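Inside the fold
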Amino acid sequence: SMLDGYLSQFNEDVNARKQSEIPRQQWTFKEPLVSSMPYAVSDFEGDGASDTDGKHFICVTWLLDPEPMDVLTELTWSLFDHLLFGTETSVLQ
């Protein structure tokens, strides 16, 4: 494939996976955390106009459980996420 030609020049580092693993996060708060920060948006066209005028960007993250989920629960949350955010007709799109 097209990627094989590119990736074949790199050697696999079996230790890289363990070194880059992100440990499970623990709950360190008792109340939800709400934060608001400015976010710069670039003018991609270079004409001074932006198609983001009047629009907002929102990031919502949830730590549902500090313990790993079983496969069915993870699949359920993945489907729920897709239904709420994943398509143009999604409720929170």
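Residues numbered from 1 in each chain as written. Predicted model: local features only at pLDDT ≥ 70, side-chain atom pairs only at ≥ 80, totals over all residues. Heavy atoms only, no water.

Scanning the protein from N- to C-terminus turns up three helices and zero strands. Sequence-ordered secondary structure for the protein, helices as α and strands as β, is α-α-α. With 93 residues in all, the protein has 4% of them scored as buried. Counting only carbon and sulfur atoms, one obtains 57% of the accessible surface of the protein, whose full area is about 9800 Å². (Helix = DSSP H or I, 4+ residues; strand = E, 2+ residues; numbered from the N terminus. Buried < 20%, exposed > 50% of the residue type's maximum accessible area, 1.4 Å probe, protein only. Areas by Shrake-Rupley, 256 points an atom, 1.4 Å probe, with all protein chains shown as cover.)

What follows covers helix α3 (residues 71-85). Counted at 1.5 Å a residue, the expected span for α3 with its 15 residues is 21 Å, and the 21 Å between its end C-alpha atoms agrees. The N-capping residue of α3, defined by a side-chain oxygen 3.1 Å from the backbone nitrogen of L72, is D70. (Expected span 1.5 Å × (residues − 1). Polar contact = N/O pair within 3.5 Å; in protein donor to acceptor, adjacent residues only side chain to side chain.)

Atom-level detail of predicted coordinates should not be read off regions where pLDDT is low. Chain-level statistics for the protein give a pLDDT mean of 78 and a share of 78% at 70 or above. α3 holds the highest mean pLDDT among the elements of the protein, 91, whereas helix α2 (residues 14-19) holds the lowest, 82. (pLDDT = per-residue confidence, 0-100.)

Its location among the elements puts D81 in helix α3. For D81 and L92, which are eleven residues apart along the polypeptide, the C-alpha to C-alpha distance reads 9.8 Å.

Further remarks concern the side chain of S90. Its place among the elements puts S90 in the segment after α3. With a relative accessible area of 7%, S90 lands in the buried category. Within the local environment of S90, its side chain forms a polar contact with the backbone nitrogen of G86, the two atoms lying 3.3 Å apart. Among the polar contacts listed, one links the side chain of S90 to the backbone nitrogen of T87, at a separation of 2.8 Å.

Time to look at the packing of aromatic side chains. Evaluation of the coordinates by the stated rule reveals two aromatic pairs. Note on W77 and F80: the rings are 5.5 Å apart at their centroids and 80° apart in plane angle, and the pair reads as edge-to-face. Separated by three residues within a single helix, W77 and F80 lie in helix α3, roughly one turn from each other. Judged by relative accessible area, W77 falls into the partly exposed class, the value being 35%. (Phe/Tyr/Trp six-rings, centres within 6.5 Å; stacked < 30°, edge-to-face > 60°.)

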